[in-house]
Amino acid sequence: MQTTTDQNRQQLIEYINQLPDRPYRDSYLIAVLHKAQELYGYVSRDAMDLISSQMQIPTAHIWGVVTFYHYFRTQPPGRYQISVCLGTACYVKGAAEVLQAFKDRLGVEAGQITEDGLFSLLEARCLGACGLAPVCMINDKVYGQLNPDKVGRIINDLRKAAR
Amino acid sequence: MSKITIYINGKPYKVEPGQTIMQAADKLGFHIPRLCYHPKLSIEGACRVCIVEVEGMKNYVASCAFPVSDGMKIRTNTLELRQARRDIVELLLDNHPQDCHVCERNGTCELQRLSYSMGIRNRHFEGQRKDYPADESSEAVIRDPNRCILCGRCVRLCSEIQQIHNLSQAYRGFKTVVMPAYNIPMKDSVCSCCGQCVNVCPTAAFLEKNHTKEVFAALNDPSLVKVVQFAPSVRAAIGEAFGLEPGHNMEGQLVAALRRLGFDYVFDTQSGADLTITEEASEFLERLQGKGKLPMITSCSSAWMKCMEQFHPDLIDNISTCKSPMSMTGAMVKTYFARRLKVSPEKICSVAVMCCTAKKYEAARPELMVDGLRAVDYVVTTREAAWMIKSAGIDFLNIIPEPFDEPLGISSGAGVIFGTTGGVMEAALRSAYELFTGQTLVDIEVQAVRGFEAIKEGKVVMDGQEIRVAVTHGLGNASKLLDMVREDPKRYHFIEIMGCPGGCIGGGGQPYAGVNAIPLDEDALKKRAQVLYDLDRHRTIRRSHENPAVQRLYKEFLQRPLSPISHKYLHTHYKAKEPRGVIPRS
C-alpha cells in the first residue's frame, strides 16, 4: 500500500513535470514550494530533497528561499493552529498579555510547535473581528474578549477534546 | 570602441567604456574602499562601502556595480561621502563581537583594516549582537556566524567558483545566517573542505580547525619521535605570512624553523609525491593495457576526492587508487621509517604542514589508516605553521636555511611541481613516457599543461600511440570537464583535477592576502607557481622514478610499483557518499 508520503512525493513530481519547459525553470521554485506545503502541510526536508533532485537546484539554495519567506513552514503545523491577533485594536485591549499567556501555558515561542504536536502558536495581524478584541483564531474558530484566564480554559478544553 | 571622458574629483580622465566606476578608478590609482566585492565573483552590491558621488544622481551609487558613462562626474572622497562610508562600517561594527584581541584574524581582518582606514577611533552605538553556536563539527572548516558580516563572498565562491553550493544565506534581516542546507552540521553537508570560504572571508566567520595546540603538546612530549613533512606549495607561500611579496622559496628556512620548533625529523612531501607518481604512472600504464577504466583521473586533491564521492560517484572506477603524497609519506613514516628507527609506530607523532584545509579531513579518513594508526596524526595549514613559528619566537626570515632529513627528504623536480595545476600531469607524463617506451622524454617541460586556463588539453605520442590528457583546477571547472568526459568517454586517457584555483598553491590553508592584496589574486598564484617551476629547473633529478630515495624504498621495503605491499600501504578505494550534491544546469 502507498503511504501518504509516497503519494505526496508522486504528486509533487507530477506537478514539477507539468511545469512549462522554458529558460529559467528555477523561477518556478516558489510555486513548487507552495505545492509542497499544500501537499505535506509544511515544506518537509523530504520535499526539499525531492525538489532539489527533480529540479537540479542545490538544497542550500532551496533552504535559503524557504527560510526567507514567513509563509513557508519547515515543521508540521500543530493540530490546533493558534493565531493571536496583534492588530491595533487587539493590541490596545491587551493582546500582548494574551500572547504571553499562550506562550507561558504552551511553553513555546510564537512560530513554534508544542512537543506533543498539538498546538502551534502564531502571531497575526488584524483578523477583522475588532469588535471582539482581543481575539485569536484556533483553526477556523474565532475566540473573542480574551484574557489570560480565558486562555488557560481554552487550552484545557482543547487538550481534553484531543484525548 | 573609442574612449570616453570621466571626471574624478574634478580632473578629466580618458577611460574605456563598458566598465564599472570601481574598475576605471582602480586603473587610475584611486582605490575606492570595498568589502563584498571580489573580482572573481559576481557583483553583490550588498555592503555599500564602495559608494561614490555621481553628479546628477540623487543617492550615492555603489561603484562596484555602476558603469561609467561619457562626461560622468564622480567624487570619491568628499567629506559627506567619507562620513557616509564611515557610518556604514560603524553599523557593521555595531553588530560585530568587537573582540579583535582574541580573534584568529587579528591583524589580517579586512573589517579591522577598513575600520582603521575609515578613521573610526571611538564607538558611538552599541548594537544588538548575534549569539549563535559556532559549528565546529567539520575536521577542516569551522563556521562562526557571530563574526559574519553577511558580505556573501563565501556563498558566491562556493557556488560560482567551486560549484559545491553548500552555503546560502538563510532566514532574513538581522537573523540572516550563512549556513548549509537545513542548518545541518558542516561535517554532514556537501562541503568539500577546500577552505576557499576561509580564504575569501574578510573576517573570521570561516576558519580552519586549529590543531596547533595538539602539535605544541606533542612537541613537548619527550616520549614521542616527532616527524614533520611539508608540501611543495607551502615553501612557495609561507614567506607571505612574514611580510614577503609572493614568489619567494622558503624551503630551507622552513626546514630550519621546524627543527627549532622541536621536530626530530623534517621530511619532504615531495618525496612522497615521487612515490605517488611512480605508482600512478605504473597504474596508468596498466589501465592503458586494458586493466582498468580510462580516462584515469588523479586522486591527490582531498577536496576533489570528497567532491567526487558526493557529486560524481559514477566516475569512481576512473579514479586512481593512489593515495595522496601526504598520505603516502605518512604511511612510509609509520612503517618503513619506524622500522629503520626501530621504534614502535605508536611512538611516532606524524605531522604534516599543508597548504590545504581538506588535508585535515583526509588525514582523519578511516580508509587511510596504516596498520590501525593514522598515517598523519595532525595537519596544520601554512597559516597555522607560520603562527607557530612566530609564536615560538623563531626569526624565520633571518634563519640559516637547512637541508631535509633522510630518507624521505630527497625529491625530484617532478615532485616539486605537484603543487601547481598541471604539475601532477607533467610529472606523471615524464615517468610514464620512459616506463612505456624505454626512452627518455627529450622535451621534459610539458608546456601544454602549464598555465592557469580553466581546462588545458595536451597530447603526447608514446610508441606511436597518442595519449590525450586534460588538466583542470577548481571544482567548478572540474564539473565542466567531467561533463565533457561523460559525453565522450574516449576523449581523454588521463585527467588531472585539483580542487583549488591554481592547484595547491591556491589552497584553502595558504596565508591570508596582505594589505592591498586580493585573496586568490591570480598574479600572486602565478608567482607561487613560478617558485616551483624554478625549483624543478634547477634539479639534476627531474623524474620521479629516478629519485634515489624512492628507488631505495622499493628495494628495501615496497619491492616494486603496484606490488601487494604497495597496494596495502599506498593505495585506497573510494565510495559514494551522502548527501548527494546537485550541480545546477547552467
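The numbering scheme is per chain: residues are counted from 1 as the chain's sequence reads. Naming scheme: in the order in which they are written, chains are lettered from A and ligands are numbered from 1. Side-chain atom pairs in this predicted model are given and counted only at pLDDT of 80 or more, local residue features only at pLDDT of at least 70, and totals for whole chains, interfaces and linings cover all residues. Only heavy atoms go into the side-chain values, all of them from the structure, while hydrogens and water stay out.

Explanation requested: the overall build of chain B in the structure shown.
Summing up its helical and strand segments, chain B has 19 helices and 17 strands in all. For chain B, the C-alpha atoms occupy an extent of roughly 75 × 60 × 50 Å along the three principal directions. The contact criterion used throughout is that any non-hydrogen atoms of two residues lie within 4.5 Å. Restricting to contacts in chain B with at least 6 residues of sequence separation, those with at least 24 account for 75%. Using a 1.4 Å probe, accessible areas were evaluated by the Shrake-Rupley method; residue-level cover was limited to the displayed protein chains. Of the roughly 23400 Å² of accessible surface on chain B, a fraction of 52% belongs to carbon and sulfur atoms. By definition, any uninterrupted DSSP run of H or I lasting at least four residues is a helix, any uninterrupted run of E lasting at least two residues is a strand, and each is numbered from the N terminus.

In this structure, what is going on with the packing of aromatic side chains? I would like to understand it.
Two aromatic rings are characterised by how far apart their centres lie and by the angle between their planes. Think of it this way: a Phe, Tyr or Trp ring, Trp meaning its six-membered ring, pairs with another when their centres are within 6.5 Å, and the plane angle makes it stacked under 30 degrees, edge-to-face over 60, tilted otherwise. Counting across every chain of the model gives 16 aromatic pairs over all chains. The interplanar angle of 90° and the centroid separation of 4.9 Å between the aromatic rings of phenylalanine 267 of chain B and phenylalanine 337 of chain B together place this pair among those described as edge-to-face. Of the two residues, phenylalanine 267 of chain B sits in strand S11 (residues 265-268) while phenylalanine 337 of chain B sits in helix H11 (residues 325-341), which places them 70 residues apart along the sequence. For phenylalanine 267 of chain B, a relative accessible area of 0% corresponds to the buried category. Burial status follows relative accessibility: with a 1.4 Å probe on protein chains alone, a residue under 20% of its type maximum counts as buried, one over 50% as exposed, and anything between as partly exposed. According to the relative accessible area criterion, phenylalanine 337 of chain B is buried, its value standing at 2%. Three or more aromatic residues joined by ring pairs form one cluster here, namely Phe68, Tyr69, Tyr71 and Phe72 of chain A. Two limits define a charge over a ring: the Lys NZ or Arg CZ must be within 6 Å of the ring centre, and within 35 degrees of the ring normal. Positioned above the aromatic ring of phenylalanine 68 of chain A, the side-chain terminus of arginine 172 of chain B is 4.0 Å from the ring centre.

Sorry, what's going on with the packing of helix H6 (residues 95-106) of chain A against helix H7 (residues 148-162) of chain A here?
Between two packed helices, the angle of one axis relative to the other and the distance separating the axes together describe the packing. All names here are of chain A. Whenever a helix is involved, its axis is fitted only over the stretch in contact; in every case the axis is a line through C-alpha atoms, and angles between N-to-C directions fall within 0 to 180 degrees. At a minimum axis distance of 9 Å, the contact between H6 and H7 shows a crossing angle of 40°. Between H6 and H7, the interaxial angle falls into the category oblique. Once H6 is placed against H7, the crossing between them reads as right-handed. Between H6, through Glu97, Val98, Ala101, Phe102, Arg105 and Leu106, and H7, the contact on the second element is made entirely by Pro148, Val151, Gly152, Ile155 and Arg159. Each angle receives one of four descriptions, namely roughly parallel if under 35 degrees, roughly antiparallel if over 145, roughly perpendicular if within 65 to 115, and oblique otherwise. Handedness of a crossing is defined here by the sense of rotation of the near helix relative to the far one, left-handed for an anticlockwise turn of less than a right angle and right-handed for a clockwise turn.

How do you make sense of the sheet that holds strand S12 (residues 296-297) of chain B when you look at a structure like this?
By definition, the strands of a sheet pair up through backbone hydrogen bonds, in either a parallel or an antiparallel sense. Residue and element names in this part refer to chain B. When DSSP locates at least two bridges between a pair of strands, those strands are taken to pair. Pairing is mixed in the open sheet, where four strands are placed in the order S12-S17-S16-S15. Bordering the open sheet on either side are S12 and strand S15 (455-462), each of which pairs with just one other strand. Where strand S16 (residues 465-473) and strand S17 (residues 494-498) come together, five bridges link them in parallel fashion. Pairing of alanine 470 across the sheet is with isoleucine 495, part of S17.

Looking at this structure, I do not really get the packing of helix H9 (residues 269-288) of chain B against H11 of chain B. What am I missing?
All names here are of chain B. The interhelical angle for the contact between H9 and H11, taken along N-to-C directions, is 105°, at an axis separation of 8 Å. Taken together, the axes of H9 and H11 are roughly perpendicular relative to one another. Judged by residue contacts, Thr269, Gly272, Ala273, Leu275, Thr276 and Glu279 of H9 engage Pro325, Met326, Met328, Thr329 and Met332 from H11. Gly is placed with the polar residues, together with every amino acid not listed as nonpolar (Ala, Val, Leu, Ile, Met, Phe, Trp, Tyr, Cys and Pro) or charged (Asp, Glu, Lys and Arg). A class-by-class count of the residues in the contact of H9 with H11 yields six nonpolar, four polar and one charged.

It is not clear to me how the nonpolar core should be interpreted in this structure. Could you clarify?
The tendency in soluble globular proteins is for nonpolar side chains to be buried as a group. Nonpolar core, defined: a set of buried Ala, Val, Leu, Ile, Met, Phe, Trp, Tyr and Cys residues in which side-chain atoms within 4.5 Å join the residues together. Core analysis: the biggest nonpolar cluster contains 85 residues, and Phe206, Phe230, Ile238, Leu258, Phe263, Trp304 and Ile389 of chain B have the highest contact counts within it. In this document the domain limits rely on a domain assignment from an automatic tool or a database. Structurally, this core is a two-domain feature, drawing no fewer than three residues from each of domain 2 (141-212) and domain 3 (213-570) of chain B. Among residues more than four places away in sequence, those in contact with phenylalanine 206 of chain B are Val141, Ile142, Arg143, Cys154, Leu167, Val178, Met186, Cys197, Val198 and Cys201 of chain B. Core analysis: the next-biggest nonpolar cluster, separate from the first, contains 30 residues, Ile16, Leu50, Ile57 and Val65 of chain A among them.

In this structure, what is going on with the domain arrangement of chain B? I would like to understand it.
How big an interface is tends to be stated in terms of the accessible area lost upon association of its parts. Residue and element names in this part refer to chain B. Per the domain assignment, the segments of chain B are domain 1 (4-77), domain 2 (141-212) and domain 3 (213-570). Taken together, the contact between domain 2 and domain 3 spans 24 residues of the former and 37 residues of the latter. Throughout, the accessible surface (probe 1.4 Å) given up by two parts as they are put together, summed over both, is called the buried area. Counting each side, the surface lost to burial between domain 2 and domain 3 is near 2300 Å², with a carbon and sulfur contribution of 53%. Within this document, salt bridges are pairs made up of a side-chain nitrogen of Lys or Arg and a carboxyl oxygen of Asp or Glu, the two lying within 4 Å of each other. In this assembly, domain 2 and domain 3 are joined by one salt bridge. In this structure, arginine 383 and glutamate 208 form a salt bridge, with 3.1 Å as the shortest nitrogen-oxygen distance. Two N or O atoms count as a polar contact when they lie within 3.5 Å, although within protein this holds only if one can serve as hydrogen donor and the other as acceptor, and sequence-adjacent residues are included solely when both atoms are side-chain atoms. Counting across the interface, domain 2 meets domain 3 through 25 residue pairs in polar contact (both at pLDDT 80 or more). The set of elements that each furnish at least two residues to the side of domain 2 that touches domain 3 consists of helix H4 (153-161), helix H5 (196-200) and strand S9 (206-208). If one sorts the elements of the side of domain 2 that touches domain 3 by residue count, H5 sits on top with four residues. Here the residues of the side of domain 2 that touches domain 3 sort into eleven nonpolar, ten polar and three charged.

So what exactly am I meant to see when it comes to the interface of chain B and chain A here?
Chain B puts 18 residues into the contact, and the matching count from chain A is 18 residues. Taken over both partners, the interface formed by chain B and chain A buries close to 1500 Å², and the fraction arising from carbon and sulfur atoms is 61%. Summed over the three residues of chain B that lose the most area to chain A, namely Arg172, Tyr182 and Val582 of chain B, the buried surface amounts to 48% of that side. Connecting chain B to chain A are zero salt bridges. Taken together, the connections running from chain B to chain A amount to four residue pairs in polar contact (both at pLDDT 80 or more).

What am I meant to see in the sheet that holds strand S13 (residues 348-354) of chain B here?
All names here are of chain B. The strand order across the open sheet formed by four strands is S11-S10-S13-S14, and the pairing between neighbours is parallel. Across the chains shown, the open sheet's two edge strands, defined by having one partner strand only, are S11 and strand S14 (378-381). Put simply, the sheet's adjacent strands are angled 25° from each other on average, direction ignored. Here S13 runs beside S14; their pairing, made up of four bridges, is parallel. When the bridges of S14 are listed, valine 353 appears paired with valine 380. Each of strand S10 (225-230), S13 and S14 is contacted by helix H6 (residues 212-219), which is oriented at about 120° to S14, the strand it contacts most.

Looking at this structure, I do not really get the pattern of salt bridges. What am I missing?
Pairing of side chains with opposite charge becomes possible as their charged atoms draw close. Residue and element names in this part refer to chain B. Counted under the stated rule, the structure contains 46 salt bridges over all chains. Residue glutamate 44 pairs with arginine 156 through a salt bridge whose shortest N-O separation is 3.2 Å. Here glutamate 44 is found in the loop between helix H1 (21-27) and strand S3 (51-54), whereas its partner arginine 156 is found in helix H4, with 112 residues between them in sequence. Since its relative accessible area comes to 5%, arginine 156 is described here as buried. Here arginine 468 and glutamate 466 are joined by a salt bridge, their closest N and O atoms 3.2 Å apart. You can call glutamate 466 partly exposed: its relative accessible area is 33%.

Just checking my understanding: could you explain H6 of chain A for this structure?
Because the α-helix completes a turn every 3.6 residues, residues three or four places apart line up on one side. All names here are of chain A. If you check H6, its first and last C-alpha atoms are 16 Å apart, about what twelve residues at 1.5 Å a residue would give, namely 16 Å. Turning to H6, its buried residues are Ala95, Val98, Leu99, Ala101, Phe102, Lys103 and Leu106. Those residues of H6 that are buried are in contact with strand S1 (80-85), helix H5 (88-92), strand S2 (119-124), strand S3 (136-138) and H7. Among the residues trailing H6, glycine 107 stands out with phi positive, at a value near 70°. For a helix, the expected span equals 1.5 Å multiplied by the residue count minus one.

Teacher, can you tell me more about the environment of glutamine 54 of chain A here?
Residue and element names in this part refer to chain A. Mapped onto the elements, glutamine 54 comes out in helix H3 (residues 45-55). Here glutamine 54 falls in the partly exposed class, since its relative accessible area comes to 29%. Distance from glutamine 54 to isoleucine 13, taken between C-alpha atoms, is 7.3 Å for residues 41 residues apart in sequence. Apart from residues no more than four positions distant in its own chain, glutamine 54 is found in contact with Ile13, Ile16 and Asn17.

I would appreciate a short explanation of the state of the cysteines in the present structure.
Each disulfide is one covalent bond, formed between the sulfur atoms of two cysteines. Residues and elements named next belong to chain B. Two cysteine sulfur atoms form a disulfide, by the criterion used here, when they sit within 2.5 Å. Overall, the coordinates contain zero disulfides over all chains when judged by the stated rule. Free cysteine cysteine 193: the closest other cysteine sulfur is in cysteine 191, separated by 4.4 Å. Its relative accessible area of 4% is what places cysteine 193 among the buried residues. You can see cysteine 356 has no disulfide; the closest cysteine sulfur is in cysteine 355, sitting 5.8 Å from it.

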